[in-house]
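An overview of the molecular structure
What follows is each chain in one-letter form.
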Amino acid sequence: MKTRTLGRTSATISEIGFGAWQIGGSWGDVSEADGKRALHAALDNGVTFIDTADVYGDGRSEKIIAAVLKERGGEKPFVATKAGRRLNPHVAEAYTGANIEAFIDRSLKNLGVETLDLVQLHCPPTDVYYHPELFGALDQLVTKGKIRHYGVSVERIEEALKAIEYPGVATVQIIYNIFRQRPHDLFFAEARKKNVGIIVRVPLASGLLSGKIGRDTVFAADDHRNFNRHGEAFDVGETFAGVPFEVALEAVDELRRLVPANVPMAQFALRWILAQEAVSVVIPGARNAEQAQSNAAASALASIDGATMEAIAALYERLIKVHVHQRW
């Protein structure tokens, strides 16, 4: 497992992390036992960065992480969580220092720690980024010792660019994958200038880029790939990266021709992301130990050759760009 530096946190972390949304909820039936096995497998294979949120299973994800880390003992991985989506209604004016601190206190308890490594505002409304008093409150929580670092998880490039104007923002979590290529046009360069760590989520476009989803795939009622196809529950960009399902399947069929023999498409898709030096860590999820192990193995793949990278860019331009590029 190769390592990278997480921006100005100076933490050295594995370039493949573990996204813990799947072991929390909204991905169909993932048992607690399977969730624990998946996390153990990731850690056994060199993963040292875990990303979760207080709303993943209403705290279930955070509690599973705490239990696994207690079982293992020894040196702890870097654990990032998120706060803000528990607000109801989820509106900008509710993002106050007091509300965020209350959520942080809950995550401290769920994770069984005295200080959180990293707290990210969890895809707040765009107007939140124009409230410097909130970022001042986060600075105070660092001073209090409740958090070591803070960052943001964003939906849109414009939100990311605004967020990194605040000197305390150490990281930005953003969607970036073969189907969502806009971040490398401008944002990655700006983040590198300011030494901001980049955490890449939805790297496999909700499983589409694993190559294992087809037109006949059936998703459980409690799987967001069923109930959020059109943004009914949260931003549609979080489900299949916002690409219309039939269009995405057509693109996946073409992408198969570019994947080397004996390389799983999911690993290939993760390797594509890691070609960007600005990326600190990519956080694929896993429903079981086998998926977690396979994800971690992507770090050992050889770099993708230039001709293949150009072919992927052309595929995006021809089939995908019109659906997503300016939207996020």
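Below you will find a few notes about this structure. (Residues numbered from 1 in each chain as written. Predicted model: local features only at pLDDT ≥ 70, side-chain atom pairs only at ≥ 80, totals over all residues. Heavy atoms only, no water.)

1. Observations regarding the pattern of salt bridges
The tally for this structure, following the rule as stated, stands at 24 salt bridges. In this structure, Lys36 engages Glu71 in a salt bridge whose closest nitrogen and oxygen atoms are separated by 3.7 Å. In this pair, Lys36 sits in helix α1 (residues 32-44) while Glu71 sits in helix α2 (residues 60-72), placing the two residues 35 residues apart along the sequence. One continuous salt-bridge network, built from bridges that share partners, spans Glu101, Asp105, Lys144 and Lys146. (Salt bridge = Lys/Arg side-chain N within 4 Å of Asp/Glu carboxyl O. Helix = DSSP H or I, 4+ residues; strand = E, 2+ residues; numbered from the N terminus.)

2. Thoughts on the side chain of Gln181
Following the sequence through the fold, Gln181 ends up in the loop between β8 (169-175) and α6 (187-193). Side-chain polar atoms of Gln181 contact the backbone oxygen of Ile178, separated by 2.9 Å. Those residues in contact with Gln181, other than ones at most four positions away along the chain, are Tyr176, Trp272, Ile312, Ala313 and Tyr316. (Polar contact = N/O pair within 3.5 Å; in protein donor to acceptor, adjacent residues only side chain to side chain. Contact = heavy atoms within 4.5 Å.)

3. Quick word on the sheet that holds strand β9 (residues 197-201)
The 8 strands are arranged β3-β4-β5-β6-β7-β8-β9-β10 in an open sheet whose pairing can be described as parallel. Two strands lie at the open edges of the sheet, namely β3 (18-19) and β10 (281-282), each paired on one side alone. Bridging between β3 and strand β4 (residues 49-51) involves 2 bridges; their strand directions are parallel. Bridge pairing in β4 links Gly19 to Asp51. (Pairing = 2+ DSSP bridges.)

4. Notes on the nonpolar core
If you look at the biggest cluster of nonpolar residues, it comprises 97 residues, and the most contacted ones within it are Phe18, Val172, Phe179 and Phe187. Among the elements that make up this core, the one with the highest residue count is helix α9 (residues 265-274) (8 residues). Val172 has contacts with Val152, Val154, Ala160, Ile164, Phe187, Val196, Gly197, Ile198 and Ile199, leaving out every residue within four places of it along the chain. In terms of nonpolar packing, the next biggest core, distinct from the first, is built from 10 residues, Leu6, Ala11, Ile13 and Ile283 among them. (Core = buried A, V, L, I, M, F, W, Y, C linked by side-chain atoms within 4.5 Å. Buried < 20%, exposed > 50% of the residue type's maximum accessible area, 1.4 Å probe, protein only.)

5. Observations regarding the packing of α1 against α2
Each pair of packed helices gets described by two things: the angle between the helix axes and the distance between those axes. As a packed pair, α1 and α2 sit with axes 10 Å apart at the nearest point and diverge in direction by 55°. In terms of orientation, α1 lies oblique with respect to α2. When the axes of α1 and α2 are compared, the crossing they make is right-handed. Only Arg60, Ile64, Ile65, Ala67, Val68, Leu69, Glu71 and Arg72 of α2 make contact with α1, whose side of the interface consists of Glu32, Gly35, Lys36, Leu39, His40, Leu43 and Asp44. A per-class count over the contact of α1 with α2 returns 7 nonpolar, 2 polar and 6 charged. (Axes fitted to C-alpha atoms, helices over the stretch in contact; angles between N-to-C directions. Parallel < 35°, antiparallel > 145°, perpendicular 65-115°, else oblique. Left-handed = near helix turned anticlockwise from the far one by under 90°. Nonpolar A, V, L, I, M, F, W, Y, C, P; charged D, E, K, R; others polar.)

6. Section: the packing of aromatic side chains
One pass over the structure, following the stated rule, counts 10 aromatic pairs. Ring geometry for Phe240 versus Phe245: centroids 5.1 Å apart, planes at 40°, classification tilted. Ring pairs connect the aromatic residues Trp21, Tyr56, Phe227 and Phe234, which therefore count as one cluster. The ring centre of Phe245 lies 4.4 Å from the NZ or CZ of Arg229, which sits over that ring. (Phe/Tyr/Trp six-rings, centres within 6.5 Å; stacked < 30°, edge-to-face > 60°. Lys NZ or Arg CZ within 6 Å of the ring centre and 35° of its normal.)

7. Observations concerning the layout of surface pockets
In this structure, the second largest pocket spans a volume of roughly 280 Å³. Elements with a contribution of two residues or more to the lining of the second largest pocket: α2, β5 (78-83) and β6 (116-122). Looking at the lining of the second largest pocket element by element, the count peaks at 4 residues for α2. (1 Å grid on protein atoms, 1.4 Å probe; cavity = no way out; pocket = protein on both sides within 12 Å on 5 of 7 lines; lining within 4 Å. Points joined across faces, edges and corners; volume = space filled by probe spheres on them.)

8. Remarks on unusual backbone geometry
Cis geometry marks the peptide bond from Asn88 to Pro89, where omega comes out at 5°. Tracing the backbone through its elements, the reader meets Pro89 in the loop between β5 and α3 (97-111). Positive phi values are uncommon outside glycine, yet Ser10 reaches one of about 65°. Under the relative-accessibility criterion, Ser10 is labelled exposed at 58%. Phi is positive for Cys123, which is not a glycine, with a value near 45°. Here Cys123 is to be found in the loop between β6 and α4 (132-144). According to the relative accessible area criterion, Cys123 is buried, its value standing at 7%.

9. A word on α1
Its 13 residues give α1 an end-to-end C-alpha distance of 18 Å, which sits within 8% of 18 Å, the value for a rise of 1.5 Å per residue. Gly35, Lys36, Ala38, Leu39, His40, Ala41, Ala42 and Leu43 are the residues of α1 that are buried. Tucked into the core, α1 has its buried residues touching β3, β4, α2 and α10 (289-297). Directly after α1, the chain includes Gly46, whose backbone phi takes a positive value near 95°. (Expected span 1.5 Å × (residues − 1).)

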